[in-house]
Amino acid sequence: MIPYGAQDITQDDVDAVLEVLGSDFLTQGPKVPLFEQALKDKTHASYALAVNSATSALHIACLALGLSKGDWLWTSPITFVASSNCALYCGATVDFVDIDPATNNMSVEALEEKLLQAKLSDRLPKIVVPVHLCGASCDMKAIHELSKEYGFRIIEDASHAIGGLYKNQPVGSCKFSDITVFSFHPVKIITTAEGGAATTNDESLARKMELLRSHGITRDRSLMSKKPDGGWYYEQIALGFNYRLTDLQAALGISQLRRLEYMVERRHLVSEYYSEHLTGIPVTTPQVSGDVYSALHLYVIRLDVKRTLKSHGVIFQELRDRGVGVNLHYIPVYRQPFYKKMGFKHENFPNAEAYYREAISIPMFPTLTKSDQSKVIGTLKSVVV
Ligand SMILES: *Cc1c(COP(=O)(O)O)cnc(C)c1O
């Protein structure tokens, strides 16, 4: 089976991890701050915090922004459940904004309309989480302008998008947001096995996230309630977690990050080959707007289901049966049983529903060979009728 995604691990990556294994620190050593520096260099953000997953990063980002019971967080329904679960961890309430059928990202028009309504009923969101689906940035400038008008904060879920650009700025620069979150799970653009990060330009948000990442414990005297009892002394001043990344993982991250541009370029070559050859069948290939350079985490085609004889489900299964490891990113979150009980109505999200009827993620990763890609294209051409 040709998988839909795969990590790209080189001998340099292996050596970097082995070096840490033989060193004094497996965790809380020098590699984590070095990885954070490398992330700042890549994203141009002032602060970067490495954590053990994007899910953890989303959680502490919400807490740092003060999300709590009675607050609302809005995100896109076409995302991984972590983008909205972070609100529930904080006791807040979730709502979704329908997607734009052209980009499959959160629709700015739908967001504006929903904000107008929410203002009337005094239910404006505290946080909006735009998700850069497949690695293509949302229209952040427009969302940022709305945040000024309606007073919400922004966390970019850039789990798919490290290495991407928006208006010639790296995703993660936080030019149009408070915090950006990345994932380094093996299927994503670069990997640390499990891992994630948050970037921000706001020192106080960075300090809060730093505290929450490690039990709420500080060794910074200026934050302590009293003079230290001795050299051993530290204080717990908030209820935090153990969301730390290890030095083993950070070493892998540093090594992977060195090849970020190369890996994204490889993905673009794969994408160009698909776009050239996936013609003459009733599918739409991905489109991004002119000011976006996608990191191309995923390559999602949409079936023109009105023109196919076979159903979406049948086509999907036949592709898998023939060795093409397709997937579907994602089931609209409001359809999950855990969310269903919150009373979401499918008809409020017509574009997300249409996406769910039509989308298929086909193999996309930097080491995908031409011959495997040709097999994917050939199989699609024979199956999609
Ligand atoms: C993968 C992913 C996450 C969660 O990432 P982890 O590092 O596995 O916690 C969150 N949001 C989106 C959009 C993702 O794709």
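Going by the structure above, here's the rest.
Residues numbered from 1 in each chain as written. Predicted model: local features only at pLDDT ≥ 70, side-chain atom pairs only at ≥ 80, totals over all residues. Heavy atoms only, no water.

Brief notes about the environment of Arg213
No. 1: Inspection of the secondary structure puts Arg213 in helix H7 (residues 203-213).
No. 2: With a relative accessible area of 12%, Arg213 lands in the buried category.
No. 3: Residues Arg213 and Ala57, 156 residues apart in the sequence, show an inter-C-alpha distance of 8.5 Å. (Helix = DSSP H or I, 4+ residues; strand = E, 2+ residues; numbered from the N terminus. Buried < 20%, exposed > 50% of the residue type's maximum accessible area, 1.4 Å probe, protein only.)

Focus: the pattern of salt bridges
No. 1: Scanning all chains against the criterion turns up 17 salt bridges.
No. 2: Put simply, Lys310 and Glu318 hold a salt bridge, and the shortest N to O gap is 2.7 Å.
No. 3: Residues Arg335 and Glu353 are paired through a salt bridge, measuring 2.7 Å at the closest nitrogen-oxygen approach. Of the two residues, Arg335 sits in the loop between helix H10 (312-321) and helix H11 (337-340) while Glu353 sits in helix H12 (residues 350-358), which places them 18 residues apart along the sequence.
No. 4: Assessed through its relative accessible area of 27%, Arg335 is described here as partly exposed. (Salt bridge = Lys/Arg side-chain N within 4 Å of Asp/Glu carboxyl O.)

Concerning the packing of aromatic side chains
No. 1: Using the criterion set out here, one finds 11 aromatic pairs in the structure.
No. 2: Summarising the aromatic geometry, the rings of Phe80 and Tyr330 are spaced 6.3 Å apart at their centres and angled 45 degrees between planes, so their arrangement reads as tilted. Here Phe80 is found in the loop between strand S2 (72-75) and helix H4 (82-89), whereas its partner Tyr330 is found in the loop between H10 and H11, with 250 residues between them in sequence.
No. 3: Residue classification places Phe80 among the partly exposed positions, given a relative accessible area of 48%.
No. 4: An aromatic cluster of three or more residues is present, and its members are Phe96, Tyr334, Phe338, Tyr339, Phe344 and Phe349.
No. 5: Against the face of Trp74 rests Lys114, its NZ or CZ located 5.5 Å from the ring centre.
No. 6: Sitting over the face of the ring of Tyr273, Lys370 holds its NZ or CZ atom 4.7 Å from the ring centroid. (Phe/Tyr/Trp six-rings, centres within 6.5 Å; stacked < 30°, edge-to-face > 60°. Lys NZ or Arg CZ within 6 Å of the ring centre and 35° of its normal.)

A word on the sheet that holds strand S13 (residues 292-293)
No. 1: Strand order across the open sheet formed by three strands is S7-S6-S13, with antiparallel pairing between neighbours. Among the strands making up the open sheet, the edge pair consists of strand S7 (169-170) and S13.
No. 2: Inspection of the sheet shows strand S6 (residues 165-166) paired to S13 by two bridges, in the antiparallel sense. Considered in S13, the bridge of Leu165 is made with Tyr293. (Pairing = 2+ DSSP bridges.)

Bear in mind that shape data such as this cannot, by itself, settle questions of function.
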